[in-house]
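Here is how the chains run, residue by residue.
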Amino acid sequence: MAQGATDQSNVETADPEESSPNMIVYRKIEDIITRMQDDKAGGVPIRTVKSFLSKIPSVVTGTDIVQWLMKNLSIEDPVEAIHMGSLISAQGYIFPISDHVLTLKDDGTFYRFQAPYFWPSNCWEPENTDYAIYLCKRTMQNKARLELADYEAENLARLQRAFARKWEFIFMQAEAQVKIDRKKDKTERKILDSQERAFWDVHRPVPGCVNTTEMDIRKCRRMKNPQKVKKSVYGVTEDSQSQSPVHMPSQPIRKTTKEDFRKQITFLNVQIDRHCLKMSKVAERFWLAVQDLKRQPLQDVATRVEEIWQEFLAPGAQSPINLDSHSYERTSQNVQDPGRYTFEDAQEHIYKLMKSDSYARFLRSNTYQDLLLAKKKGKSLAGKRLTGLMQSS
């Protein structure tokens, strides 16, 4: 009886996310993917393929995946193995490197494994601002493999109209990420670009493809709460929107007056200014905290690292900062072995954002413009007084 009571209490205290049907499926798929990548246990051979004037790193063929599934999952029919592989690919765990359609083919098509950071078990619910940053970043990179598809270009145009008031902020975020990406190794950058593209192929799929992320009934319930904060891919946290400019059909709009438009624009400007000011202050606090960490005694470093992580970077942090996915992943790994330079990558990213965004925004702010105007008026008044004195003498 005592054992039964213990088991019952364990079930009751289990994480509801972990016991959800989707999460159970994700864990099973991840177990298969882990075995598939284990060379010592007879996994799928991952290799670098030489092509004309270039190399294709870390790829496997569709045939290799199908054969592995048949051998290790006791599947006799190749069609069943292809179907199983397509289901895994539809969730984003494996993806073709040259196609936006996530399906498995039993041929020499090259596939790549998704990074664990982008696995759906991380409960991603990316915002349209994240998608806008990603598409904007793609337009800044002069690579044929990163050119936007037709449907992506249409989505970018819709997002640009929907976020017209904050597009400057989105553009600066994308520009900062491009500068950071250019410092990475060419091979690593090529792999990360394809993994990021595959992530968005899952969450913003090609028209006509099934969106596997929209099948969870819990998401439908969460849509009733428009104030719920979603998890952001690039660290841009904001209130979720009930309407998606990419996927939701346009709703009938009532006639509004010029005064309504004026009030709405004024309200949005105030909200954006407040949000940007808050972000600038949080970024400055984080940068100073990291600087202070470098001067801490060695015995206090681990405790201080944990405090900074919980305040600025942990899920549900009180003062979240904007980090790109790669910097966040590296910082998450560094926290496991805390040191004075654990947040070096994050600090560098935040410094660039402050330099390109916060300072430039301050120069364009009404406060700074008023100061300049007051200074000019002061000079003109002083000049008039001096002229008057010279004439009187």
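These notes cover the structure that comes with them. (Residues numbered from 1 in each chain as written. Predicted model: local features only at pLDDT ≥ 70, side-chain atom pairs only at ≥ 80, totals over all residues. Heavy atoms only, no water.)

A few words now on the packing of aromatic side chains. Taken as a whole, this structure holds 11 aromatic pairs when the rule is applied. On the numbers, 6.4 Å between centres and 20° between planes, the contact of Tyr 131 with Tyr 134 is stacked. Separated by three residues within a single helix, Tyr 131 and Tyr 134 lie in helix α5 (residues 128–140), roughly one turn from each other. In this structure Tyr 134 comes out as buried when scored by relative accessible area, which is 2%. Seen from their ring centres, Phe 286 and Phe 312 are 5.4 Å apart, and the 70° between their planes marks the pair as edge-to-face. Placement of the pair is Phe 286 in helix α10 (residues 258–293) and Phe 312 in helix α11 (residues 298–313), with a sequence separation of 26 residues. Take Phe 312: its relative accessible area is 2%, and that puts it in the buried class. Feature note: the residues Tyr 117, Phe 118, Tyr 131, Tyr 134, Phe 199, Trp 200, Trp 309 and Tyr 328 constitute an aromatic cluster, connected by ring pairs. The side chain of Lys 166 reaches across the aromatic face of Phe 163, ending 5.7 Å from its centre. A cation sits over an aromatic face here: Arg 204 above Tyr 131, 5.5 Å from the ring centre. (Phe/Tyr/Trp six-rings, centres within 6.5 Å; stacked < 30°, edge-to-face > 60°. Helix = DSSP H or I, 4+ residues; strand = E, 2+ residues; numbered from the N terminus. Buried < 20%, exposed > 50% of the residue type's maximum accessible area, 1.4 Å probe, protein only. Lys NZ or Arg CZ within 6 Å of the ring centre and 35° of its normal.)

As paired elements, strand β2 (residues 54–61) and strand β4 (residues 110–113) share two bridges and run antiparallel to each other. Bridge pairing in β4 links Val 60 to Tyr 111. Here strand β3 (residues 94–96) runs beside β4; their pairing, made up of three bridges, is antiparallel. When the bridges of β4 are listed, Ile 94 appears paired with Phe 113. (Pairing = 2+ DSSP bridges.)

Turning our eyes to something else, we now look at the pattern of salt bridges. As a working rule, side chains carrying opposite charge can pair if their charged atoms are close by. Following the criterion strictly, the structure yields 12 salt bridges and no others. Between Asp 181 and Lys 137 there is a salt bridge whose closest N-O contact spans 3.8 Å. One end of the pair, Asp 181, is in helix α7 (residues 167–181); the other, Lys 137, is in helix α5, with 44 residues separating them in the sequence. The pair formed by Asp 181 and Lys 137 is uniform in burial state, with each residue classed as buried. Among the ionic pairs, Glu 348 bridges to Lys 183, the shortest N-O distance being 3.0 Å. Linking Glu 348 in helix α13 (residues 344–364) with Lys 183 in the loop between α7 and α8 (186–203), this pair joins segments that are 165 residues apart in sequence. Overall, Lys 183 belongs to the exposed group, its relative accessible area being 56%. (Salt bridge = Lys/Arg side-chain N within 4 Å of Asp/Glu carboxyl O.)

Attention shifts here to the nonpolar core. Core analysis: the largest hydrophobic core is formed by 22 residues, its most contacted members being Phe 286, Ile 308, Phe 312, Leu 313, Ile 321, Phe 343 and Ile 350. Taken together, the elements giving at least two residues each to this core come down to α10, α11 and α13. Beyond its immediate sequence surroundings of up to four residues, Phe 312 is in contact with Val 282, Arg 285, Phe 286, Ala 289, Ala 317, Ser 319, Pro 320 and Ile 321. (Core = buried A, V, L, I, M, F, W, Y, C linked by side-chain atoms within 4.5 Å. Contact = heavy atoms within 4.5 Å.)

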